[in-house]
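Listed below are the residues making up each chain.
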Amino acid sequence: MTQEMLLQIGSRLIVLFMCIPIHEFAHAWAATKMGDDTPRYQGRLTLNPFAHLDPLGSIGILFCGFGWGKPVQVNPIRFKKYRKGMAITAAAGPISNLICAFVGMIIYKVLYGAYFSSGAEVLYWLTLISKYIVVINIGLAVFNLIPVAPLDGEKILSYFTGPKFNAFMYKYHQYISIGFLILLFVGALSGPIAYLQSGFFWIMDKLTFWVDPIVNMIF
């Protein structure tokens, strides 16, 4: 098995057992805080990955690199404020991935400095893994922020748009979703998504600027 294949498998396992559980837990936690205990009753208020893995979605991630977790079910009627509750619950997932990317960037910079100083092979692999964690979490956040159902971005957008626009999106959401999937699978969205991912990576790099001088001092 080549190093490239090992990295590919490793990155997909990271998605399955770290990124998706954190993402779905964040949805469950936010829904609970907004007044809906449905996720708690269904055992979703946990970081146990097996509580959040969808069988078909997990197979897709492992073999195709594209899949999904088990959606967190909520009862919007229980929210103290319906629209606000839906938007915050939806936003919690991508935000959790961006937080993971931020922490991962700090770890990546520290490990890179240590590897550059010592040249140890184990540090090279740890550096590469930490960078993958950053890239994967940014990718999940960017993808889920696309304002198309059933992605989180659609629920976030509906909080800021008017009733007429939301009614239009609800009426034609199946057609919009099918069109989105077609564009996704033919690769028409690869360029814009990659551009956004690069932009968020640049932002994470700039937000952790303070790590660089510390690393230089240590190593």
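So, a few notes on the structure that sits alongside this text. From a predicted model like this one, the values you see are computed outputs, not experimental measurements. (Residues numbered from 1 in each chain as written. Predicted model: local features only at pLDDT ≥ 70, side-chain atom pairs only at ≥ 80, totals over all residues. Heavy atoms only, no water.)

## A few points about the nonpolar core
If you look at the biggest cluster of nonpolar residues, it comprises 17 residues, and the most contacted ones within it are I138, F143, I146, F180, L184, I193 and M204. Those elements that provide at least two residues to this core are α4 (82-118), α5 (121-144), α8 (173-185) and α9 (190-207). A per-element tally of this core places α5 first, with five residues. In contact with I193, not counting residues within four places along its chain, are V142, F143, I146 and L184. The next biggest cluster of nonpolar side chains, apart from the first, holds nine residues, and it includes V15, L16, I61 and I133. (Core = buried A, V, L, I, M, F, W, Y, C linked by side-chain atoms within 4.5 Å. Buried < 20%, exposed > 50% of the residue type's maximum accessible area, 1.4 Å probe, protein only. Helix = DSSP H or I, 4+ residues; strand = E, 2+ residues; numbered from the N terminus. Contact = heavy atoms within 4.5 Å.)

## Considering the pattern of salt bridges
The final tally for this structure, using the stated rule, is four salt bridges. A salt bridge links D37 to R40; the shortest N-O distance between them is 3.8 Å. Under the relative-accessibility criterion, D37 is labelled partly exposed at 26%. Ionic pairing is found between K109 and D205, a salt bridge with its closest N-O pair at 2.8 Å. Here K109 is found in helix α4, whereas its partner D205 is found in helix α9, with 96 residues between them in sequence. Classification of K109 by relative accessible area gives buried; the value is 8%. D205 gets classed as partly exposed once you look at its relative accessible area, which sits at 28%. Within this structure, K109, D205 and D212 form a network of salt bridges that share partners. (Salt bridge = Lys/Arg side-chain N within 4 Å of Asp/Glu carboxyl O.)

## Examining the packing of α4 against α9
The contact between α4 and α9 brings their axes to 10 Å, and the two run at 60°. Between α4 and α9, the interaxial angle falls into the category oblique. In this structure, α4 crosses over α9, and the sense of that crossing is right-handed. Only F200, F201, M204, D205 and L207 of α9 make contact with α4, whose side of the interface consists of L98, A101, F102, M105 and K109. Taken together, the residues of the contact of α4 with α9 break down into eight nonpolar, no polar and two charged. (Axes fitted to C-alpha atoms, helices over the stretch in contact; angles between N-to-C directions. Parallel < 35°, antiparallel > 145°, perpendicular 65-115°, else oblique. Left-handed = near helix turned anticlockwise from the far one by under 90°. Nonpolar A, V, L, I, M, F, W, Y, C, P; charged D, E, K, R; others polar.)

Fair warning: the whole summary comes from geometry, so function is off the table for now.
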